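# Summary of structural features
Residue-level listing of the chains:
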Amino acid sequence: MLFDKFQTMANFQAELASRHVAPFGAVTEKILSATEGVVQGRNVILAGTNNYLGLSCDVRCIKAAQEAVARWGTGTTGSRLANGSFTEHQALETEIAQFYGVGHAIVFSTGYSATMGMCATLAGQGDVILLDADSHASIYSGVKQSGAEVIRFKHNNPEDLAKRLLRLGDRAQNALIIAEGIYSMLGDVAPLQEIAAVKREYGGCLFVDEAHSMGVLGATGRGAAQAAGVEADVDFFAGTFSKSLGSVGGFCVSRHPELEAIRFCISAYIFTASSSPSVVASTREALRIITAEPQLRQKLWSNAHQLYAGLKALGLTVGPSASPVVAVEMEDRSATIDCWKALMEAGVYVNLVIPPASPSTNFLLRNSVSAAHTTAQIDTIIAGYASLITAGLITPNSKAQ
Amino acid sequence: MTDYQEYLNFLYSALESQNKNQLALSEDTTLVADIGLSSLEVMEFIEKIEDHFDISIPLNILPDVNTIGDLAKKVRELNL
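Nothing here was measured: the structure is a model prediction, and the numbers come from that model.

The secondary structure content of chain B amounts to 3 helices and 0 strands. Against the globule reference of 12 Å for 80 residues, chain B gives a C-alpha radius of gyration of 11 Å, in line with a compact fold. Along the longest, intermediate and shortest principal axes, the C-alpha atoms of chain B span 35 × 25 × 20 Å. Considering chain B as a whole, with its 80 residues, one finds that 18% of them fall into the buried category.

Here it is in structure tokens:
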């Protein structure tokens, strides 16, 4: 039967419903601030939003969007190649290119379409793509469409990348290497210095998705490549406006002038409506703010260190170092669901992540920190996890400090 | 050049830890439907093979791989 393959998912959803848990269908009824809302009738701290700098509720961004919607209307009703290219889109492309200090930019309607579209288009039949094994689903989707030969290298493992490039011989010169800045599920940062060194040795083009690291890492917030000092080695940067910039949309920027021709070959750019001008206007304002206010990044990292240290001190299994994404790893699916529900009841709304969305067979309670969280809110999140231990829902590991 | 049977034998031994139900393995055993490997476990298994033979196995071949025999043939081709 056509529908048989969906039965496992239907069974899982039925199991969640029978336990009165809706981790993948929780509805936000009201946004009270960048870090608080009413979800399923309950006031909660928003601890899984990716709203790293809290700009979704910044009054300046809201004002910019309001003015744009009054001026341009609610939507463009067309593709950038047809009737959907407004001066707002062009201005954002100029500004995002300037932000990265390069000459060329494409703005997409979503972050997913930016990475998927670029990965589907840059390499084609006869080319080779080497991608980090823990790459985002949008990257996997893109490389699958590309027609290129697709090879995974072990996650955050430059030696494995080098080995695979070596095996390619002369073909390595023309390979597309794909990595991310911060990986979305565990918050680990790519070793871009080492990856760039491998690229210099063997050749190829380097594509870095800074979706979770733009606005978060680097002296001016450009991301992990800036923090690692290897921006000159990166051929293409991609990213999203839906995280640190608090809106929606995506981008690709490059020093290569060929990006202007590539633009006209990307299905995900051509065959979809362009972003609403109000969205673009709030994005432009957010970009201005993250440039002018580096203190937002400092506050974000202060909060990240507080949450990471607090959860680690409880003896929970978290990543190797502090990051704005702090995921608690668990082995048992049922226990993880129980914990998610108990956290919700304690007023803490986090992400529940199950394989294959998690990078291993483990289940995750994924937290993302915002600069807008107060110290007291971070303490409440930590207290929520402590109550899971008290209730016997989660067992701390023996290495607890 | 290694014989097809040698590839099969390696795959049988490499699957040992993932063969939770102790199924009797043959070249017709399917990785997902019979052994019950998840997509993540399939990729872990592929990495084991890559490390052993010092090859890269493109993801593109996976849609054509259902059984242990299918995989043995693909690995033999890549290792020629």
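What follows deals with the sheet that holds strand β14 (residues 363-368) of chain A. Residue and element names in this part refer to chain A. Here we have 3 strands laid out as an open sheet, ordered β11-β14-β13, and antiparallel in their pairing. Looking along the sheet, the strands with just one partner apiece sit at the ends: β11 (325-330) and β13 (351-353). Neighbour-to-neighbour, the strand axes of the sheet open up by a mean angle of 25°, direction not taken into account. Inspection of the sheet shows β13 paired to β14 by 3 bridges, in the antiparallel sense. In the strand pairing of β14, asparagine 351 is matched with arginine 366.

This brings us to the domain arrangement of chain A. All names here are of chain A. Considered domain by domain, chain A is made up of domain 1 (9-46 + 294-390) and domain 2 (59-292). The C-alpha-based centres of domain 1 and domain 2 are spaced at 27 Å. Listed as interface residues are 15 residues of domain 1 and, on the opposing side, 13 residues of domain 2. Going through the elements one at a time, α12 (295-313), β11 and β14 are the ones with two or more residues in the side of domain 1 that touches domain 2. A per-class count over the side of domain 1 that touches domain 2 returns 10 nonpolar, 3 polar and 2 charged.

Moving on, we get to the sheet that holds strand β7 (residues 176-180) of chain A. All names here are of chain A. As summarised here, the arrangement of the 7 strands in space is β4-β10-β9-β8-β7-β5-β6, forming an open sheet in which the pairing is mixed. Among the strands making up the open sheet, the edge pair consists of β4 (104-108) and β6 (149-153). Each strand axis lies, on average, 20° off the axis of its neighbour in the sheet, ignoring direction. Strand direction decides the pairing type here: β4 and strand β10 (residues 250-254), joined by 5 bridges, are antiparallel. The partner of isoleucine 106 across the bridge, within β10, is cysteine 252. Along the sheet, helix α3 (residues 87-100) contacts β4, β9 (236-240) and β10; its crossing angle with β4, the most-contacted strand, is approximately 130°.

In this section: the pairing of strand β5 (residues 128-132) of chain A. All names here are of chain A. Burial analysis of β5 places 5 of its 5 residues in the buried class, the great majority of the element. Side-chain alternation along β5 places Val128, Leu130 and Asp132 on one buried face and Ile129 and Leu131 on a second face that is also buried. As judged from the 5 bridges shared by β5 and β6, these two strands associate in the parallel manner. Paired with aspartate 132 across the strands is phenylalanine 153, a residue of β6. The parallel pair β5 and β6, bridged by helix α5 (residues 137-146), forms a crossover whose chirality is right-handed. The pairing of β5 with β7 spans 3 bridges and is classified as parallel.

The next thing to look at is the interface of chain B and chain A. Every contact between the two is made by 9 residues of chain B and, on the other side, 12 residues of chain A. Of the residues contributing to the side of chain B that touches chain A, the split by class is 4 nonpolar, 4 polar and 1 charged.

Our next topic: helix α7 (residues 192-202) of chain A. Residues and elements named next belong to chain A. Considered for burial, the residues of α7 that qualify are Leu192, Ile195, Ala196, Val198 and Lys199. Take α7 and look down its axis: the buried residues cluster within an arc of 155°, on one side only. In this structure, α7 carries Arg200 and Glu201 as exposed residues pointing more than 90 degrees from its buried face. Where α7 is buried, its residues touch α6 (158-168), β7, β8 (205-209) and α8 (224-228). Taken from the residues just after α7, glycine 203 is the one with a positive phi, measuring 95°.

What follows deals with the nonpolar core. Ile129(A), Leu130(A), Ile177(A), Leu192(A), Phe207(A), Phe251(A) and Leu311(A) are the most contacted members of the largest nonpolar core, which totals 124 residues. If you tally residues by element for this core, the top one is helix α4 (residues 111-122) of chain A, at 7 residues. Both domains that meet at this core, namely domain 1 (9-46 + 294-390) and domain 2 (59-292) of chain A, each give it at least three residues. Not counting chain neighbours up to four residues away, the residues in contact with Leu192(A) comprise Ala179(A), Val208(A), Ala224(A), Ala225(A), Ala228(A) and Val230(A). Counting residues in each nonpolar core, the second largest holds 12 residues, with Leu8(B), Leu11(B), Ile49(B) and Ile68(B) among its members.

Criteria and cut-off values
- Residues numbered from 1 in each chain as written.
- Chains lettered and ligands numbered in written order.
- Predicted model: local features only at pLDDT ≥ 70, side-chain atom pairs only at ≥ 80, totals over all residues.
- Helix = DSSP H or I, 4+ residues; strand = E, 2+ residues; numbered from the N terminus.
- Rg over C-alpha atoms; globule rule 2.2 N^0.38 Å.
- Buried ≥ 20, exposed ≤ 12 C-beta atoms within 10 Å, placed from the backbone.
- Pairing = 2+ DSSP bridges.
- Axes fitted to C-alpha atoms, helices over the stretch in contact; angles between N-to-C directions.
- Domains from an automatic or database assignment.
- Contact = placed C-beta atoms within 7 Å.
- Nonpolar A, V, L, I, M, F, W, Y, C, P; charged D, E, K, R; others polar.
- Right-handed = clockwise from strand over helix to strand, strands pointing away.
- Arc of directions from axis to C-beta.
- Core = buried A, V, L, I, M, F, W, Y, C linked by C-beta atoms within 7 Å.

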